[in-house]
2 protein chains.
Amino acid sequence: MGGDHAPAMVVDGAARARERYPDVHYLMVGDEAAIKPLLERNPGLGDRVTLVHTADKIESDMRPSQALRNGKQSSMALAIDAVREGEARCVVSAGNTGALMAISKFKLKTLEGIDRPAIASFFPTSGGESCMLDLGANIQCDAKNLVEFAVMGGVFARTVLGIGNPSVGLLNVGVEDMKGHEELREAAAILREKNLPIDFKGFIEGNDIGKGVVDVVVSDGFTGNVALKSAEGTATLYTTFLRQAFMSSLTARLGYLLAQRALNKLRVRTDPRRYNGAMLLGLNGIVVKSHGGTDDLGFANAVGVAVDMAKHGFLDKIVADFATLRAQDAEPEPSPEAVG
Amino acid sequence: MGGDHAPAMVVDGAARARERYPDVHYLMVGDEAAIKPLLERNPGLGDRVTLVHTADKIESDMRPSQALRNGKQSSMALAIDAVREGEARCVVSAGNTGALMAISKFKLKTLEGIDRPAIASFFPTSGGESCMLDLGANIQCDAKNLVEFAVMGGVFARTVLGIGNPSVGLLNVGVEDMKGHEELREAAAILREKNLPIDFKGFIEGNDIGKGVVDVVVSDGFTGNVALKSAEGTATLYTTFLRQAFMSSLTARLGYLLAQRALNKLRVRTDPRRYNGAMLLGLNGIVVKSHGGTDDLGFANAVGVAVDMAKHGFLDKIVADFATLRAQDAEPEPSPEAVG
């Protein structure tokens, strides 16, 4: 029931996602009276949907604490319950992000060894696709949190983006060792020392994100949120400028018509709906957040992200990597004398 | 002598800037043997240049502390000396940013009432131009620093961008009052309360930067640096994607040829050289930093920024605004009883 165009966008998105994932079964949680007619207009969807009625929902302006307290019968909470009870393998919501994180954390708990879940997303780069986390779940982070984000981002890049040995960088204001906040320098030292299934590249700068210098960009949630939104804002600005340029003369319009096919491919490549679906990583369950303002195509992609994570055993891989990390933490460090 | 293509780019840039500012006189500080032949190839420039010879220069990889200690006879230090001694009204350098800030701070000092200088720059938005600060001089900032940045940015927008009552926003992860770091919330409270010649708009998000929601974007130096570079990286990425689209078929190439004039205007509008020239604000002197990798056109624009600041009495306006701020700080706050 969350999102600007819910529940129509959700139901139509679910129908669309079945074109790519015909074996998916949906538990749809929400207002039966609103959802039923939508199911009817999507032939073939109805028999893959179990409808769970609730009249209650989380409003988009509810504070997380309020949502936790008052939203026990909300569609969001019941959908998360279904994951906890093993009735569903993942949950996808276009609702209130803070509430989704708070209720998920409360009901699903974090995986062993993980202090704080993070929000991750992926986006186009000149070389393909990269992912970035945290995008806003944790405004303040210490070195340990950043190391955990690096490990989780690595698993995401391996399982969903299909990158064998993903490269990971810490977002900073320069690449030199002495740059940035203390916690960044400390996290870099830990990541350099540990033997993890990632290729740690050290610090990267904001302009390295679009270049695709690394597969996984790690930062605290404040910086990551600002970086991603600045990039989105610039993309929108360029699209506006480009449209204005093509409309500025008759010759330019003609040029646009000729280049239209090629430009449409560019539009598809950079379509934000294609990159819709932020992952709440570190929870004992798969939770995907769709943009609230997306349409059915965008929502279908968010469903796809959740299905990919479930299919590729995302949670098991996270657990395995964190076991590796903890095993190394347990080993006593060799003393300088022993090394000398 | 600083920058990738110095001193040729600096001398050619100075010549180019004279087309727009024919009354500018230059003190050029650096290696006479390298600069003299360059002056000769720019007819008419020579008689507007006083050459100050020094063989010494700040290397691009020098740490600020090292530059301060060992760079006393460097071209950068001598150029800043000229501003301190009143022989020049502003200094423009394409050299090491950290060294430029450290030497400027040491020699020129900060203006009364300003704790920490900041680096500011301006950039295109859908509505025109905005400026952002701090871009990296201060990795950690408290509320007082952010308030000072807001005032300085406001003066910059009024004097150089020519905006009467500039709107100012604090960069955050959401627009609601409870969002973000403590120092942001505290700075917002102060800015709301004071009577300053700016139109304070509260918090803005990363995607509001490109929209031009405010004329002045204020943040700590870490966040500002990441935001600006992320935006720059995205702009580069889009340019690459666009080029690839136009090269992808013969029809698309033909379309490009037809739209070329319009697209060139777009290129000029978003040309990073046009926005070259970061200001070191808060110092008792005008210091402008050019990108190290720019060419003569970019350097000429950095010279233009410095000239505009000097011509429009930037320093006097900063001093006046800070006097206003201090006067309000000095007023006793009305007690709740008195208000009630």
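In what follows, the accompanying structure is described. (Residues numbered from 1 in each chain as written. Chains lettered and ligands numbered in written order. Predicted model: local features only at pLDDT ≥ 70, side-chain atom pairs only at ≥ 80, totals over all residues. Heavy atoms only, no water.)

Section: helix α7 (residues 182-193) of chain A
Reasoning step 1: Helix length check: α7(A), at 12 residues, gives a terminal C-alpha distance of 17 Å against a target of 16 Å (1.5 Å per residue), a fit within 8%.
Reasoning step 2: Every buried residue of α7(A) is accounted for by A:L184, A:A187, A:A188 and A:L191. All buried residues of α7(A) lie within an arc of 105 degrees about the axis, which places them on one face of the element.
Reasoning step 3: On its buried side, α7(A) packs onto α6 (143-159), β6 (167-171) and β7 (199-204) of chain A together with α9 (221-246) of chain B. (Helix = DSSP H or I, 4+ residues; strand = E, 2+ residues; numbered from the N terminus. Expected span 1.5 Å × (residues − 1). Buried < 20%, exposed > 50% of the residue type's maximum accessible area, 1.4 Å probe, protein only. Arc of directions from axis to C-beta. Contact = heavy atoms within 4.5 Å.)

A closer look at the pattern of salt bridges
Reasoning step 1: By the definition in use, this model includes 34 salt bridges over all chains.
Reasoning step 2: Where A:R84 meets A:D81, a salt bridge forms, and the shortest distance between an N and an O atom there is 3.2 Å. Note that A:R84 and A:D81 are positioned in helix α4 (residues 75-84) at a spacing of 3 residues, about one turn of the helix.
Reasoning step 3: Between B:K144 and B:D115 there is a salt bridge, with its nearest N and O atoms 3.4 Å apart. Of this pair, B:K144 sits in helix α6 (residues 143-159) while B:D115 sits in the loop between α5 (97-108) and β4 (118-125), and the two are 29 residues apart along the sequence.
Reasoning step 4: Residues joined in a network through salt bridges with shared partners are A:D81, A:R84, A:E85 and A:K107. (Salt bridge = Lys/Arg side-chain N within 4 Å of Asp/Glu carboxyl O.)

Some points on the interface of chain B and chain A
Reasoning step 1: Taken together, the contacts link 50 residues of chain B with 50 residues of chain A.
Reasoning step 2: Put simply, chain B and chain A have 2 salt bridges between them.
Reasoning step 3: Note that A:K229 is salt-bridged to B:E205, the shortest N-O span being 2.3 Å.
Reasoning step 4: Applying the counting rule to chain B against chain A returns 8 residue pairs in polar contact (both at pLDDT 80 or more). (Polar contact = N/O pair within 3.5 Å; in protein donor to acceptor, adjacent residues only side chain to side chain.)

Quick word on helix α5 (residues 97-108) of chain A
Residues and elements named next belong to chain A.
Reasoning step 1: Between its first and last C-alpha, α5 extends 16 Å over 12 residues, near the 16 Å set by a 1.5 Å rise per residue.
Reasoning step 2: Listed in full, the buried residues belonging to α5 are A99, L100, M101, A102, I103, S104, K107 and L108.
Reasoning step 3: Looking at the buried side of α5, the elements it contacts are α3 (64-70), α4, β3 (90-93), β4 (118-125), β9 (278-281) and β10 (286-289).
Reasoning step 4: The opening residue of α5, the one whose side-chain oxygen lies 3.1 Å from the backbone nitrogen of G98, is N96.
Reasoning step 5: In the segment just after α5, K109 is the residue with positive phi, at about 65 degrees.

Brief notes about the relation of the copies chain B and chain A
Reasoning step 1: You can overlay chain B on chain A at an RMSD of 0.1 Å; the transform is a turn of 180 degrees with a shift of 0.0 Å along its axis. These values place the two chain copies in the arrangement generated by a two-fold rotation axis. Closest to the rotation axis within chain B is the C-alpha of B:G255, separated from it by 1.9 Å.
Reasoning step 2: Of all interface residues in chain B, 100% are interface residues in chain A too; the two copies therefore contact each other through one and the same surface. (Least-squares fit on C-alpha atoms with pLDDT ≥ 70 in both.)

Here's the deal with the packing of α6(B) against helix α7 (residues 182-193) of chain B
All names here are of chain B.
Reasoning step 1: Running from N to C, α6 and α7 point in directions that differ by 50 degrees, and their axes come no closer than 8 Å. Relative to α7, the element α6 is oriented oblique. Note on packing geometry: the crossing formed by α6 with α7 is right-handed. Every residue of α7 that contacts α6 at A143, L146, V147 and A150 is listed here: E183, L184, E186, A187, I190 and L191. (Axes fitted to C-alpha atoms, helices over the stretch in contact; angles between N-to-C directions. Parallel < 35°, antiparallel > 145°, perpendicular 65-115°, else oblique. Left-handed = near helix turned anticlockwise from the far one by under 90°.)

Examining the pairing of β10(A)
Residue and element names in this part refer to chain A.
Reasoning step 1: Burial along β10 is two-sided: I286 and V288 facing one way and V287 and K289 facing the other are all buried.
Reasoning step 2: Pairing geometry for β3 and β10, over 4 bridges, is parallel. Within β10, the residue paired with V92 across the bridge is V288.
Reasoning step 3: Pairing between β9 and β10: 3 bridges, direction antiparallel. Bridging from a neighbouring strand, A278 pairs with K289 of β10. (Pairing = 2+ DSSP bridges.)

Some remarks on the environment of A:K57
Residues and elements named next belong to chain A.
Reasoning step 1: Relative to the helices and strands, K57 resides in the loop between β2 (49-53) and α3.
Reasoning step 2: We classify K57 as partly exposed; its relative accessible area is 33%.
Reasoning step 3: Spatially, the C-alpha atom of K57 lies 30 Å from that of D220, the residues being 163 residues apart in sequence.
Reasoning step 4: In this structure, K57 is in contact with M1, M62, S74 and S75, ignoring residues within four places of it in sequence.

Describing the environment of A:M178
Reasoning step 1: Relative to the helices and strands, A:M178 resides in the loop between β6 and α7.
Reasoning step 2: Setting aside its immediate chain neighbours within four residues, A:M178 contacts A:R185 and B:R63.

Remarks on the packing of aromatic side chains
Within a pair of aromatic rings, the relevant descriptors are the distance that separates the centres and the angle that separates the planes.
Reasoning step 1: What the rule picks out here adds up to 11 aromatic pairs over all chains.
Reasoning step 2: On the numbers, 6.3 Å between centres and 55 degrees between planes, the contact of A:Y238 with A:F241 is tilted. Note that A:Y238 and A:F241 are positioned in helix α9 (residues 221-247) at a spacing of 3 residues, about one turn of the helix.
Reasoning step 3: With a relative accessible area of 14%, A:Y238 lands in the buried category.
Reasoning step 4: Here B:F156 and B:F314 contribute two aromatic rings whose centre-to-centre distance is 6.4 Å and whose plane-to-plane angle is 75 degrees, an arrangement assigned as edge-to-face. Here B:F314 lies in helix α12 (residues 314-330) and B:F156 lies in helix α6, a separation of 158 residues in the sequence. B:F314 matches B:F156 in its accessibility class, with the two residues each being buried.
Reasoning step 5: These aromatic residues form a ring-pair network of at least three members: A:F122, A:F156, A:Y275 and A:F314.
Reasoning step 6: Against the face of A:F106 rests A:K109, its NZ or CZ located 5.0 Å from the ring centre. (Phe/Tyr/Trp six-rings, centres within 6.5 Å; stacked < 30°, edge-to-face > 60°. Lys NZ or Arg CZ within 6 Å of the ring centre and 35° of its normal.)

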